[in-house]
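Here is what each chain is made of, one letter per residue.
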Amino acid sequence: MSSILISEFITSQALETLRASHEVIYAPEIYKQRAELISALQHSDALIVRNLTQVNQELLNGAPNLKVVGRLGVGLENIELPACAQRNIKVIPATGANAESVAEYVIGTALALTRGFLPATAQTLSGGWPRPHFSGYHEFTGKTLGVVGFGSIGRVTAQKALAFGLKCLAYDPMLSGQSVDVGGTAVPLVTLDALLASSDAVTLHLPLLPETRGLFSAASLDNMKHGACLINTARGGIVDEKALAERLRSGRLGGAALDVFEKEPATDLSHFAGLSNLIATPHIAGVTSESNDRVSQMIADEVIQFLRNSK
């Protein structure tokens, strides 16, 4: 019987699935105690993590039996992939399992920003009745959503946007051709500059890599359509936060929704102070009850299958 260590939260159903066939140590807070984590891994064949457990060379050195790492999510920045590959340790992300939740977040926040729901709420609750001002905002239907990164989450987002009556453009340096079919609709593949110039809202679905870090710099933000909105559910390091704050404050951009930040937990966001056109959330776009169930069960099933096949 293989031994599995789970160092962060997993749903009870997935935990029961794992315990039915394997010895499981479930310690969802152990990632905070590095020495205890490494000690617990000495005899483990599998490790299941979210995004807070740092799977690096130090940890792998203390896990001589480790064969597989299951990631309860899709980002792999907390896992040193070359070190895992050197040891022939399989890394399994939950690709696509939280796509529906992220796509809903994108459409919901883009709609709220376009219609000005946040400042309208603040002014109404403070005793104002700014109806004439907000009658000048625009319908969301018929606008253009630019999707930067057109993998599984980007395509689900585009599908929901198309159903909402939006037009979609996509940019993805890994894709070739002129368009990608999404539910029977051809979504044009364009350059990043062309997407930024034409999109009323831009949503990011890129991994954080050396070539994507800082991709949305001051210059890129200035290439966006005047008054456009930016939604980032990917990784914080892709966007220059201070440059974005300046453009939100000046009105150069109409709004932004940030679910991810350069440093997480984000304990100092003072550069965004006083902005009424910003939605800021604590990395929850892909975290719903339903997506937690899908992510947890997917990783439980795939880790079990891998361990079975590796005997």
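Residues numbered from 1 in each chain as written. Predicted model: local features only at pLDDT ≥ 70, side-chain atom pairs only at ≥ 80, totals over all residues. Heavy atoms only, no water.

Draft legend 1. Representation of the pairing of strand β5 (residues 90-93). Across four bridges, the pairing between strand β4 (residues 68-71) and β5 is parallel. Counted as the bridge partner of R71 is P93 from β5. Traced from β4 through helix α4 (residues 81-86) to β5, the parallel crossover comes out right-handed. (Pairing = 2+ DSSP bridges. Helix = DSSP H or I, 4+ residues; strand = E, 2+ residues; numbered from the N terminus. Right-handed = clockwise from strand over helix to strand, strands pointing away.)

Draft legend 2. Broad picture of the sheet that holds β4. The strand order β2-β1-β3-β4-β5 describes an open sheet built from five strands, whose pairing is parallel. Two strands close off the open sheet at either side, each with one partner strand: β2 (23-26) and β5. Across the sheet, the axes of successive neighbouring strands diverge by a mean angle of 15°, strand direction being ignored. Pairing between strand β1 (residues 3-6) and strand β3 (residues 46-49): three bridges, direction parallel. Opposite L5, over in β3, you have L47 as the bridge partner. Across the face of the sheet, helix α1 (residues 12-19) comes into contact with β1, β2 and β3 while running at roughly 145° to β2. (Axes fitted to C-alpha atoms, helices over the stretch in contact; angles between N-to-C directions. Contact = heavy atoms within 4.5 Å.)

Draft legend 3. Just the environment of L175, in detail. Summarising the element assignment, L175 is placed in the loop between β7 (167-171) and β8 (179-182). It is 41 Å that separates the C-alpha atoms of L175 and R19, two residues lying 156 residues apart in sequence.

Draft legend 4. Representation of the sheet that holds strand β10 (residues 201-204). Overall, parallel pairing links the six strands, which are arranged β7-β6-β10-β11-β12-β13 in an open sheet. In this open sheet, the two edge strands, each paired with only one partner strand, are β7 and β13 (278-280). Averaged over all pairs of adjacent strands, the angle between their axes in this sheet comes to 15°, without regard to strand direction. In terms of strand pairing, strand β6 (residues 144-148) meets β10 through four bridges, oriented parallel.

Draft legend 5. Fine view of the pairing of strand β9 (residues 185-188). Strand direction decides the pairing type here: β8 and β9, joined by four bridges, are antiparallel. Residue V180 lies in a different strand from β9, and its bridge partner there is V187. Counting the residues that bridge the hairpin from β8 to β9 gives two residues, and of these G183 lies at a positive phi of roughly 60°.

Draft legend 6. Geometry of the packing of α1 against helix α12 (residues 289-309). Close contact between α1 and α12 brings their axes to 8 Å; oriented N to C, the two are set at 10°. As judged from the angle between their axes, α1 and α12 are roughly parallel. Seen from α1, the contacting residues are Q13, A14, T17 and L18; seen from α12, they are S296, Q297, A300, D301 and I304. Of the residues belonging to the contact of α1 with α12, the class tally is four nonpolar, four polar and one charged. (Parallel < 35°, antiparallel > 145°, perpendicular 65-115°, else oblique. Nonpolar A, V, L, I, M, F, W, Y, C, P; charged D, E, K, R; others polar.)

Draft legend 7. Broad picture of the nonpolar core. Judged by nonpolar contacts, the single largest core of 30 residues is most densely connected at L145, F150 and I231. Secondary-structure elements contributing two or more residues to this core are α5 (99-115), β6, α8 (152-163), β7, β8 and β11 (229-232). A per-element tally of this core places α5 first, with nine residues. Ignoring anything within four residues of it in the chain, the contact list for I231 reads Y105, V106, T109, A110, A201, V202, T203, L204 and A257. (Core = buried A, V, L, I, M, F, W, Y, C linked by side-chain atoms within 4.5 Å. Buried < 20%, exposed > 50% of the residue type's maximum accessible area, 1.4 Å probe, protein only.)

Draft legend 8. Spatial organisation of the layout of surface pockets. Taken as a whole, the second largest pocket holds about 440 Å³ of empty space. Forming the walls of the second largest pocket are 24 residues, and the residues nearest its centre are L113, T114, G227, C229 and G254. Elements supplying a minimum of two residues to the lining of the second largest pocket: α5, α6 (117-125) and β6. Counting residues per element, the lining of the second largest pocket draws most heavily on α5, at three residues. In the lining of the second largest pocket, the residues fall into eleven nonpolar, ten polar and three charged. (1 Å grid on protein atoms, 1.4 Å probe; cavity = no way out; pocket = protein on both sides within 12 Å on 5 of 7 lines; lining within 4 Å. Points joined across faces, edges and corners; volume = space filled by probe spheres on them.)

Draft legend 9. Summary view of helix α11 (residues 241-250). Taken together, the buried positions of α11 are occupied by E241, A243, L244, A245, R247 and L248. Of the surrounding secondary structure, the elements contacted by the buried residues of α11 are α10 (218-223), β11, β12 (255-258) and β13. Two to three positions downstream of the cap, the backbone nitrogen of K242 sits 3.2 Å from a side-chain oxygen, assigning the N-cap of α11 to D240. Just downstream of α11 lies G251, where phi reads positive at about 90°. (Polar contact = N/O pair within 3.5 Å; in protein donor to acceptor, adjacent residues only side chain to side chain.)

Draft legend 10. Main features of the pattern of salt bridges. The full count for this structure, using the stated rule, is nine salt bridges. Across the salt bridge formed by E77 and R235, the nearest N and O atoms sit 2.8 Å from each other. Of this pair, E77 sits in the loop between β4 and α4 while R235 sits in the loop between β11 and α11, and the two are 158 residues apart along the sequence. Residue E77 is classed as partly exposed on the basis of its relative accessible area, which comes to 35%. When the shortest N-O distance is used, the salt bridge between K225 and D200 registers 2.9 Å. Within this pair, whereas K225 is found in the loop between α10 and β11, its partner D200 is found in the loop between α9 (192-198) and β10, the two being separated by 25 residues in sequence. Residues participating in the shared-partner salt-bridge network are D222, E246 and R247. (Salt bridge = Lys/Arg side-chain N within 4 Å of Asp/Glu carboxyl O.)

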